[in-house]
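Here is what each chain is made of, one letter per residue.
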Amino acid sequence: MVGKIVSIVGTIRSGKSFLTQKLADHYGVPGFIEGEEDDIPSEIIEGIEKNLRTLQRLVFFRNRFIKQHLEAIDLVQTNRFVFIDTAWMTCIPYIEQSPPGLDRTIMEDLAALDRKLLPWPDRIIHLKADERTVREHQASGGRSWDGGEEYFDRQYVKMRPLL
């Protein structure tokens, strides 16, 4: 029996990791979480906090999501479901919001290859969270980089229409 890869997507602090973990626990199947502070290199965290090194950040998360997706493809051979917090295609809106130039062109080329070569998840659950909910989740703590107003504006206000 071949299972289904289910990807949970949405804006920052919409509950993707929470729902992914709950569903994986409920069904007793694997679940992949986007990443927490202790498993993301400090250079990437600094880039997120200060909005630096866009190409480096996008490639880091793109590679992470693709590795998770490829592992999920293997795991669905023996599991009913595999749940993924975000997915490889969720980097694309961030590319579209990055400054024009060589870095953006490189990422657009990578995204075009990804779309051509990688399978999409079998199911996508899109979590929508209003500003109040996102701010409540933001205030409850978590990762050091996603608490400030500049980050909120960059990652929620500007990205919300795209996600």
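Scroll up a little and you will see the structure.
Sequence order as written defines the numbering, with residues in each chain counted from 1. Local features in this predicted model are restricted to residues of pLDDT 70 or higher, and side-chain atom pairs are both shown and tallied only at a pLDDT of 80 or more, whereas totals for entire chains, interfaces and linings draw on every residue. Neither water nor hydrogens contribute to the side-chain values; these are computed over all heavy atoms in the structure.

All right, on to the pattern of salt bridges then. Whenever Lys or Arg places a side-chain nitrogen within 4 Å of a carboxyl oxygen from Asp or Glu, that contact is recorded as a salt bridge. Applying the stated criterion across every chain yields a total of 8 salt bridges. With a closest N to O distance of 3.7 Å, Asp39 and Arg64 form a salt bridge. Note that Asp39 is positioned in the loop between β2 (31-32) and α2 (42-50) and Arg64 in helix α3 (residues 54-75), a separation of 25 residues in sequence. A 1.4 Å probe rolled over the protein chains alone gives each residue an accessible area, and that area as a share of the maximum for its type sets the label: buried under 20%, exposed over 50%, partly exposed in between. Judged by its relative accessible area of 38%, Asp39 falls in the partly exposed class. For Arg64, a relative accessible area of 18% corresponds to the buried category. Note that Glu149 is salt-bridged to Arg135, the shortest N-O span being 2.8 Å. One end of the pair, Glu149, is in helix α7 (residues 149-157); the other, Arg135, is in helix α6 (residues 131-139), with 14 residues separating them in the sequence. In this structure Arg135 comes out as partly exposed when scored by relative accessible area, which is 29%. The helix count covers DSSP runs of H or I at least four residues long, the strand count covers runs of E at least two residues long, and both are numbered beginning at the N terminus.

Helix axes are fitted only over the stretch in contact, all axes being lines through C-alpha atoms; the angle between N-to-C directions runs from 0 to 180 degrees. Between α2 and α3, whose axes approach to 9 Å, the crossing angle comes to 125°. Taken together, the axis directions place α2 and α3 in an arrangement best described as oblique. Seen from above, α2 lies across α3 with left-handed handedness. Between α2 and α3, the residues in contact are Glu43, Ile44, Gly47 and Ile48 and Gln56, Arg57, Phe60 and Phe61, respectively. Among the residues forming the contact of α2 with α3, the class breakdown is 4 nonpolar, 2 polar and 2 charged. Throughout, the term roughly parallel applies to angles under 35 degrees, roughly antiparallel to angles over 145, roughly perpendicular to angles from 65 to 115, and oblique to all others. Should the near helix be turned anticlockwise from the far one by less than a right angle, the crossing is termed left-handed; should it be turned clockwise, right-handed. By definition in these notes, contact holds between two residues if any of their heavy atoms fall within 4.5 Å. Under the grouping applied here, Gly and all other residues not named as nonpolar or charged are polar, the nonpolar ones being Ala, Val, Leu, Ile, Met, Phe, Trp, Tyr, Cys and Pro and the charged ones Asp, Glu, Lys and Arg.

Here we take up unusual backbone geometry. Positive phi, normally seen in glycine, also occurs at Arg13, with a value near 55°. With respect to the helices and strands, the residue Arg13 is situated in the loop between β1 (4-10) and α1 (16-27). In this structure, Asn51 takes a positive phi of about 55° despite not being glycine. Tracing the backbone shows Asn51 in the loop between α2 and α3. On the basis of relative accessibility, which here comes to 36%, the residue Asn51 falls in the partly exposed class.

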